[in-house]
Amino acid sequence: IPPKVAWVLQECPTLIAAGWCWATGSEECKANLGNILSLFCFVTHYVNRTIIYPMRLKGSKPIPLPVMLMAMSFCSANGYIQCRSLTRHLALSAISWSMGAGLTLWSLGLYINTEADRILRNLRKPGETGYKIPQGGMFKFVSGANFFGEIVEWTGYALTMGGALPGVTFALCTAFNIGPRAIAHHRWYLD
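*Asks:* An account of helix α5 (residues 97-121) is needed here, citing residue identities and associated values.
*Replies:* For α5, which comprises 25 residues, the first-to-last C-alpha distance of 36 Å matches the rise-based estimate of 36 Å (1.5 Å per residue) to within 8%. The complete set of buried residues in α5 reads S98, M99, G102, W106, G109, L110, I112, N113, A116, D117, I119 and R121. Where the residues of α5 are buried, they touch α3 (33-56) and α6 (145-160).

Now the structure itself:
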């Protein structure tokens, strides 16, 4: 599947879930500032991943259909769980240490993630082929700055949810999914 198409298709269920859950959510949850802030974090990430990131891709390889379908399945289930918990089941405090720390950590992770994406997009000049080791930003400190940023982002999101199971589970799934890829990239760089 062409990468721009695959990214939009596999990530869009999260935004569909957000819209649907908001439209059918409880008024109490939708009026709760803590819930709104957490949902803002979730939706902001997925607006980037579904719309902005794919449109900025340059020269990426096609994504195998089974990989795209697995990602779409995960985004569908996770999008529903996260958004439904915030629009129907949780009442989060907007004024708490976990919300403040979570928003700070989420913002830092989003910055690291998007900056790493920018660095990766601009690794090669037009017409160049082959792989280059990224430099700059958090790549000065970790080999997989893009992966690191996303893990930090979702850890912050879990904190905004006050440690509620949906947010913590998502943060752990992210770490267990992309953490090994970051380690593999690091080993490859060392070789």
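*Asks:* Can you lay out the packing of α5 against α6 for me, pointing to particular residues and giving the numbers?
*Replies:* To describe two helices that pack against each other, one gives the angle between their axes and the distance between the axes. Two numbers describe how α5 lies on α6: the axes approach to 7 Å, and their chain directions differ by 160 degrees. In terms of axis orientation, α5 runs roughly antiparallel to α6. By crossing handedness, the relation of α5 to α6 is classed as left-handed. For the contact of α5 with α6, a count of residues per class yields 15 nonpolar, nine polar and three charged.

*Asks:* Describe the packing of α6 against helix α7 (residues 165-190), with residues and values.
*Replies:* Contact geometry for α6 and α7: axes closest at 9 Å, N-to-C directions at 170 degrees. Taken as axis vectors, α6 and α7 run roughly antiparallel relative to one another. Classified by chirality, the crossing of α7 by α6 is left-handed. For the pair α6 and α7, contact is made by F147, E150, I151, W154, T155, Y157 and A158 and by G167, V168, F170, A171, T174, A175, I178, G179, R181, A182 and H185, respectively. Across the contact of α6 with α7, the residue classes break down as eleven nonpolar, five polar and two charged.

*Asks:* How would you sum up the nonpolar core? Please name residues and give values.
*Replies:* Formed by 21 residues in total, the largest nonpolar core has its most connected members in F42, L86, W154, Y157 and M161. At the level of secondary structure, the elements contributing two or more residues to this core comprise α1 (3-24), α3, α4 (65-89), α5, α6 and α7. If we ignore the near neighbours within four places in the chain, the residues touching W154 are F42, H45, Y46, F170, A171 and T174. If you look at the next biggest cluster of nonpolar residues, it comprises six residues, including W7, Y53, L57 and I63.

*Asks:* Tell me about the pattern of salt bridges, and name the residues and values.
*Replies:* Enumeration over the complete set of coordinates arrives at four salt bridges. A salt bridge links K30 to E27; the shortest N-O distance between them is 3.5 Å. On the criterion of helical spacing, the pair formed by K30 and E27 is a turn pair, its members being three residues apart in helix α2 (residues 27-30). Its relative accessible area of 58% is what places E27 among the exposed residues. With a shortest N-O distance of 3.5 Å, R49 and E150 are connected by a salt bridge. Placement of R49 in helix α3 and of E150 in helix α6 is noted, with a sequence separation of 101 residues between them.

So, how was this worked out
Residues numbered from 1 in each chain as written. Predicted model: local features only at pLDDT ≥ 70, side-chain atom pairs only at ≥ 80, totals over all residues. Heavy atoms only, no water. Helix = DSSP H or I, 4+ residues; strand = E, 2+ residues; numbered from the N terminus. Expected span 1.5 Å × (residues − 1). Buried < 20%, exposed > 50% of the residue type's maximum accessible area, 1.4 Å probe, protein only. Contact = heavy atoms within 4.5 Å. Axes fitted to C-alpha atoms, helices over the stretch in contact; angles between N-to-C directions. Parallel < 35°, antiparallel > 145°, perpendicular 65-115°, else oblique. Left-handed = near helix turned anticlockwise from the far one by under 90°. Nonpolar A, V, L, I, M, F, W, Y, C, P; charged D, E, K, R; others polar. Core = buried A, V, L, I, M, F, W, Y, C linked by side-chain atoms within 4.5 Å. Salt bridge = Lys/Arg side-chain N within 4 Å of Asp/Glu carboxyl O.

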